Amino acid sequence: METESEPYVRLATLRQLHQVVADLNTARSLADTLQAVADGAISGLGYELAAVNLVRPDGDLVVAAVAGSAGAEALLSGRVGSRESWERRLSMGERWGDLCFIPYTQGWVLDDDDVPQWHTSGPAPRFPDEWHPMDRLFAPMYAASSGGGELLGVISVDRPRNGRRPGAWGREALQMFAFQAAIAISNARLRANMQRALVRLEREQQALRASEESFRQAFEYAPSGMAIAEMGGDQHGRLLRTNDALCRLLGRPASVMRRYAFSDLVHPEDIGTLLRTSAEGGRAELRLARRDGSYVWVSLRNSVVADTADGPRFLLTHVEDIEERKRHELQLAHRASHDALTGLPNSAELRTRLSARLCSRPPGTEEADAFASAAGGEHDGHGFLPDGGAEAFEGFHLARTGPAYDSHVHAVAPSDGPEDDGAKGLAVLFCDLDGFKSINDRFGHHTGDAVLIEVARRLTNGVRDGDTVARLGGDEFVVLADGLGKADAEDLAVRLRNAIIPPIRVDGRAVRVGASFGIGWAGCGMSAEEVLQSADQRMYVEKRSRSKANRRVS
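So, here's what we can say about the structure.

About the cut-offs
Residues numbered from 1 in each chain as written. Predicted model: local features only at pLDDT ≥ 70, side-chain atom pairs only at ≥ 80, totals over all residues. Heavy atoms only, no water. Pairing = 2+ DSSP bridges. Helix = DSSP H or I, 4+ residues; strand = E, 2+ residues; numbered from the N terminus. Contact = heavy atoms within 4.5 Å. Axes fitted to C-alpha atoms, helices over the stretch in contact; angles between N-to-C directions. Buried < 20%, exposed > 50% of the residue type's maximum accessible area, 1.4 Å probe, protein only. Phe/Tyr/Trp six-rings, centres within 6.5 Å; stacked < 30°, edge-to-face > 60°. Lys NZ or Arg CZ within 6 Å of the ring centre and 35° of its normal. Nonpolar A, V, L, I, M, F, W, Y, C, P; charged D, E, K, R; others polar. Core = buried A, V, L, I, M, F, W, Y, C linked by side-chain atoms within 4.5 Å.

Moving on, we get to the sheet that holds strand E7 (residues 151–160). One open sheet holds the seven strands; their spatial order is E3-E2-E1-E7-E6-E5-E4, and the pairing between them is antiparallel. Only two strands of the sheet have a single neighbouring strand rather than two, namely strand E3 (80–81) and strand E4 (94–96). Summarising the sheet, strand E1 (residues 47–55) and strand E2 (residues 61–67) pair through six bridges and their orientation is antiparallel. In the sheet register, Ala51 faces E2, and the bridge partner there is Val66. Helix-sheet contacts for helix H2 (residues 30–43) involve E1, E2 and E7, and the interaxial angle to E1 is about 150°.

Below is the structure:
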């Protein structure tokens, strides 16, 4: 048979090479690409056996694809050769460009290394370029076009169909094929990485959507109030989102709530607490305004939602209705400081309020005058806070110097002379009921209690807002009235006595009690006990004098 011409062989090889390269680029996965490389060496380059050894992440090479022999595939696939052994092979033999050819005369030293191989023995070559079964030909695949790039793997081929070692054109074709195979493998890896990244991104997005949905449901359907507020900037504290529970609590729809910030809704006395809580991301108890103008006690718990790039961005606020607890606490505090029968402040509360108006420096001292002239604190005109407000003054009687006196209004008693010098002071009217014991003994405790309740009501109606009417116990009452002169205090005592004298009807019968009043004056430098004892003594003096007068009349 006539031998085919060299140009025809080259053209046919190019066509086959073009086809196998096209197959490489149409493979869908990395495994398909590796198999296409092994198959291409068989169908496009004319070898009967080919294997693709792929570099693993640890540097060793694994047989990833085998073509041409089912037996060889079963023996070699998945086996691993060390990087050290492969580098030894690629440094031996003859260099054909990037190719490495190890003739059978040198390759026998490789028979016992750990690189997977498929070779059979055979007779010596009959002519110089005849292929021997123990010859080895390797085509390294690099990430770059030259041998200096990263090694991706090695194509090993065996048994050329024409039985000869490849000539210059065959070597060039194998080298070109290895170059295209390296590109195809890199692209397949890139596609695989992209697919994995897309899958991972989709999973992350699904997880994010699921997390957002979980948060939305937890936010919207939470049994207690929830809000998201802006943090920082001109719109700091503006409500961005509120749940149904918070809208119901404040009686405002969500569309209206977005017009407000928490600072627009908080009670004026609690604004400082709110600002500290917003800045620190902590918790606080304060009052928020309802739509009807009333206020509800709530517990706020703030969490700062941070943005890793821009810093804190939002406040996630949990709003819990504590109105019932606060009401219970106020009731307990009221019971502790008020008389259970009459509802008036009790003895302990009276002493607390009185002590709040007194300091340890008596009038006329240099320090007291300095404090009195520098006092700029606001009060109700009588020197007292309304019920329950005495806590604000607790520092006044606990320390002798320092900030406790910054807003103290110095209490000065009028002179003891018979003339009214026009000075105003804190009058302490000590009241003891006359004839109460006989009523209690004759008609029983029920009637006695009713009398005490009515007397408490008449005393309360007879004083100004801001004055204090307290029950010491038994049939003793005390009135604290600030800003009175001596004549004012005497007139007040007369009015209160006249208010008590009219008959009191209990269970269809009318009973009468009288009242004796002693007027004392509270002044800084005195203790609460000293003030009450002074008023008590004056009351007994007044009681004895009225008793003597009654005996003279009779």
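So, on to the sheet that holds strand E14 (residues 468–473). Overall, antiparallel pairing links the four strands, which are arranged E14-E15-E13-E18 in an open sheet. Edge strands, defined here as strands with exactly one partner in the open sheet, are E14 and strand E18 (514–522). Strand-to-strand, the axes of this sheet are offset by a mean angle of 25°, without reference to chain direction. Two elements, E14 and strand E15 (residues 476–484), share five bridges in a ladder whose sense is antiparallel. Paired with Arg471 across the bridge in E15 is Phe477. Taken strand by strand, helix H12 (residues 347–356) contacts strand E13 (425–434), E14, E15 and E18, and its axis lies near 135° from that of E14.

This next bit is on the pairing of strand E6 (residues 136–142). For E6, a buried count of seven out of seven residues is recorded, marking the element as mostly surrounded by other parts of the structure. Going residue by residue along E6, you find Arg136, Phe138, Pro140 and Tyr142 tucked away on one face and Leu137, Ala139 and Met141 tucked away on the opposite face as well. Taken together, the three bridges between strand E5 (residues 99–102) and E6 define a ladder with antiparallel strand orientation. Opposite Cys100, over in E6, you have Phe138 as the bridge partner.

Turning our eyes to something else, we now look at unusual backbone geometry. Negative phi values dominate among residues other than glycine, just as trans dominates among peptide bonds. Backbone geometry at Arg159 places phi at a positive 60°, although glycine is not the residue there. Of note, Arg159 is situated in strand E7. Judged by its relative accessible area of 29%, Arg159 falls in the partly exposed class. Despite not being glycine, Asp507 shows a phi value in the positive range, around 50°.

Turning to the packing of aromatic side chains, a few remarks are in order. If you walk through the whole model with that rule in mind, you get four aromatic pairs. Seen in terms of ring centroids, Phe101 and Trp131 are 5.9 Å apart; in terms of plane orientation they differ by 55°. Their pairing is tilted. Placement of Phe101 in strand E5 and of Trp131 in the loop between helix H5 (104–107) and E6 is noted, with a sequence separation of 30 residues between them. We classify Trp131 as buried; its relative accessible area is 9%. Note on Phe215 and Phe219: the rings are 5.8 Å apart at their centroids and 35° apart in plane angle, and the pair reads as tilted. With Phe215 and Phe219 both in helix H6 (residues 168–220), this residue pair falls four residues apart, about one helical turn. Under the relative-accessibility criterion, Phe219 is labelled buried at 1%. The lysine or arginine in question, Arg171, covers the ring of Trp96, its NZ or CZ lying 3.8 Å from the ring centre. Here Lys326 stacks its cationic end above the ring of Trp297, 4.4 Å away from the centre of that ring.

What follows deals with the packing of helix H14 (residues 436–443) against helix H15 (residues 445–461). Interaxial distance between H14 and H15 falls to 6 Å at its minimum, and their mutual angle equals 145°. Here Phe436, Ile439, Asn440 and Phe443 of H14 lie close against H15, whose contacting residues are His445, Thr447, Gly448, Val451 and Leu452. A per-class count over the contact of H14 with H15 returns five nonpolar, four polar and no charged.

We now examine the nonpolar core. Counting residues in each nonpolar core, the largest one holds 36 residues, and the members touching the most others are Leu137, Met141, Ile155, Val157, Leu174 and Phe177. Elements with a contribution of two residues or more to this core: helix H1 (6–26), H2, E1, E2, E5, E6, E7 and H6. The greatest single-element share of this core, amounting to eight residues, is contributed by H6. Excluding its chain neighbours within four sequence positions, the residues that come into contact with Leu174 are Leu45, Tyr47, Leu99, Leu137, Ala139 and Val157. The next biggest cluster of nonpolar side chains, apart from the first, holds 30 residues, and it includes Leu344, Leu433, Val469 and Ala481.

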